[in-house]
Amino acid sequence: MAVAFQDYYEVLGVPRDASAQDIRRAYRKLAREYHPDVNRDPGAEDRFKQVSEAYEVLRDEDKRRRYDRLGANWKAGQDVSGSPGFEEAVRNGDGGRGFRDVRVDFGGGGIDDGDFSDFFDSFFSRGTSSRGATAGSGFSMRGSDQEAVLELSLEEAARGGRRTLTFGDGRTFEVEIPPGVREGQVIRLAGQGSEGAGGGGPGDLLLRVRLRPHPRFRAEGRDLYVDLPVTPWEAALGATVPVPTLDGEAKVTVPGGSSCGRRLRLRGQGLPGGEGGTPGNLYAVIQIQVPKKLTKAERELFERLRGTSKFDPRKGR
């Protein structure tokens, strides 16, 4: 019997604007409830198939966008649930088929996996599954991935290198940080997540990069921005002034007639490109500053300028 899915959001019981975490949480709850090796009710298997297909679509950003745009026609009318081998892949049959080679992803976040321990203990402590296959041969599940935040300074992100990380459970890892990592980038440590069950392999440890705020620079992708204070006469007449970089200092030419907010580009002075990519740029943003306390001579000069100049910035000339 082919299963036609009308609304994947309704299947998982989540709103259409649900976050990825909400979708994962709903799937894990329903998969645990309806897995055929756990739930012996006649309709559990079909319900499990519905939940699994809904999750496989909504967990994938590209598939979810197509589904949101096209609805039931997101696969151009193809209903793979009735294709050859689909039913056999989710049904126990001759030769010990069924869920032997099916990996059920209950996880994706090691932080939330603690509440599944009772379920795993009760499930795998049985000598046989509810379908009659042994737990070791009838069900295999890969361990869930675990995720942690890796905080780096801009300098560390630019240079890369090795870091030693110690977690609360006592585990210690040496992590190779590639030069030029960006905010939100994930460094994957294969096989360092949660242990698998029933012979399944371990999950991965995902380190999500977070860049600490820098007292001077602002990062936007691979580009860096820094404020460049200049005097009124430097902005008006032009000047060559020093500008800080991640590696030290460079010189930049301030064109005459520069206004506050003008950006001066230093090509290639941003974050490294990473894996042979193009490095970002450094943008020095002009900030015109005046003395907080004028000397007598400075005041006289400014007063002479005020009496001589016809420039009116409010009229743009």
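These remarks concern the structure in this document. (Residues numbered from 1 in each chain as written. Predicted model: local features only at pLDDT ≥ 70, side-chain atom pairs only at ≥ 80, totals over all residues. Heavy atoms only, no water.)

### Let's talk about the sheet that holds strand β5 (residues 205–211)
Here is step 1 of the chain: The strand order across the open sheet formed by 3 strands is β1-β5-β4, and the pairing between neighbours is mixed. Edge positions in the sheet fall to β1 (146–152) and β4 (186–189), since each of these pairs with one other strand and no more. With strand direction ignored, the average angle separating the axes of adjacent strands in the sheet is 30°.
Here is step 2 of the chain: Relative to β5, β1 runs parallel, the two sharing 7 bridges. Looking at the pairing, Val149 lines up with Arg208 of β5. (Pairing = 2+ DSSP bridges. Helix = DSSP H or I, 4+ residues; strand = E, 2+ residues; numbered from the N terminus. Axes fitted to C-alpha atoms, helices over the stretch in contact; angles between N-to-C directions.)

### A word on the packing of helix α2 (residues 20–34) against helix α3 (residues 44–58)
Here is step 1 of the chain: The N-to-C vectors of α2 and α3 enclose an angle of 160°; their axes lie 9 Å apart at closest approach. As summarised for this structure, α2 and α3 are arranged roughly antiparallel, according to the angle between their axes. Classified by chirality, the crossing of α3 by α2 is left-handed. Contacts between α2 and α3 involve Ile23, Arg24, Tyr27, Leu30, Ala31 and Tyr34 on the former and, on the latter, Ala44, Arg47, Phe48, Val51, Ser52, Tyr55 and Leu58.
Here is step 2 of the chain: Across the contact of α2 with α3, the residue classes tally to 10 nonpolar, 1 polar and 2 charged. (Parallel < 35°, antiparallel > 145°, perpendicular 65-115°, else oblique. Left-handed = near helix turned anticlockwise from the far one by under 90°. Contact = heavy atoms within 4.5 Å. Nonpolar A, V, L, I, M, F, W, Y, C, P; charged D, E, K, R; others polar.)

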